[in-house]
Amino acid sequence: MSGKNKSLLSQINHYDFELSWKLALMCKLDKSTIHFKILDKILYLFEILGSGVPSLTFSILILPFCTTWFWFFLNISIAHVFDVFCQFSAKNLFRRPRPQYQDNEDMFFTHGPDKYSFPSGHCCRMTMFWYLTMCLLDKHMYPLYYNAAIVFYSVVIVSRVLMGRHYVSDLVGGTLLGLTEGYIIWEMIWLH
């Protein structure tokens, strides 16, 4: 890599770190205040809900009992498995450490490649589900569900930087991977 390209990458990395640190609100608040404790609990709830563990577990457990929505939940389960494979592959490939200022002790369900930062798995998963939501729902027929889904996905994604779990570039990488996953799942894997 030439010196000019290395310098440009160094600058991008520097700005990424600086912006991520400015947005990592939860790493800078006084942990003894009630505001911190409330916000921490809310963001941690979104971390758990966005992790994929609850929705994958629900999708798999409901399959034997669901006749009307069987194919939907089967597709969602397949999408989850595909998502985990893609994320773990990317995290193993890049092996970018998580931000040093974040608290590793309270991270939900991290194992194997989840100790790495790039790309953001939550962001990837939420973007994939956003893509599938766009494909499945007519936003004019189901505006409440459509908008609620967008808000939920957005809060999960933004919470990753607020909690100091990821750099902003991890979110960009997660978004690109999630869009790719959504396209592949909808066009090539989804059982219509």
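Relevant structure appears above.
Residues numbered from 1 in each chain as written. Predicted model: local features only at pLDDT ≥ 70, side-chain atom pairs only at ≥ 80, totals over all residues. Heavy atoms only, no water.

Draft legend 1. The overall build of the chain, seen in detail. When helices and strands are counted, the chain shows seven helices and zero strands. Shown N-terminal to C-terminal, the secondary structure of the chain runs as helices and strands in the order α-α-α-α-α-α-α. Its C-alpha radius of gyration of 18 Å places the chain within 12% of the 16 Å reference for a compact globule of 192 residues. Dimensions of the chain, computed from C-alpha atoms along their principal axes, come out at roughly 55 × 50 × 35 Å. Considering the chain as a whole, with its 192 residues, one finds that 39% of them fall into the buried category. A separation of at least 24 residues holds for 75% of the contacts in the chain among residues at least 6 apart in sequence. For the chain, the accessible surface area stands at approximately 11300 Å², while carbon and sulfur atoms represent 69% of it. Within the chain, the 14 negative side-chain charges are centred at a point lying 5 Å from the centre of the 16 positive side-chain charges. (Helix = DSSP H or I, 4+ residues; strand = E, 2+ residues; numbered from the N terminus. Rg over C-alpha atoms; globule rule 2.2 N^0.38 Å. Buried < 20%, exposed > 50% of the residue type's maximum accessible area, 1.4 Å probe, protein only. Contact = heavy atoms within 4.5 Å. Areas by Shrake-Rupley, 256 points an atom, 1.4 Å probe, with all protein chains shown as cover. Lys, Arg positive; Asp, Glu negative; His and termini not counted. Charge placed at Lys NZ, Arg CZ, Asp CG, Glu CD.)

Draft legend 2. The nonpolar core, seen in detail. By size, the foremost hydrophobic cluster in this structure holds 18 residues, and its most contacted members are Met126, Met128, Phe129, Leu132, Ile185 and Trp190. Of all the elements in the fold, those that place two or more residues in this core are α4 (70-94), α5 (121-136), α6 (143-162) and α7 (168-189). Examining the composition of this core, we find that six residues originate from one element, α5, more than from any other. Dropping the residues within four chain positions of it, leucine 132 is found in contact with Ala79, Gly182, Ile185, Trp186 and Trp190. (Core = buried A, V, L, I, M, F, W, Y, C linked by side-chain atoms within 4.5 Å.)

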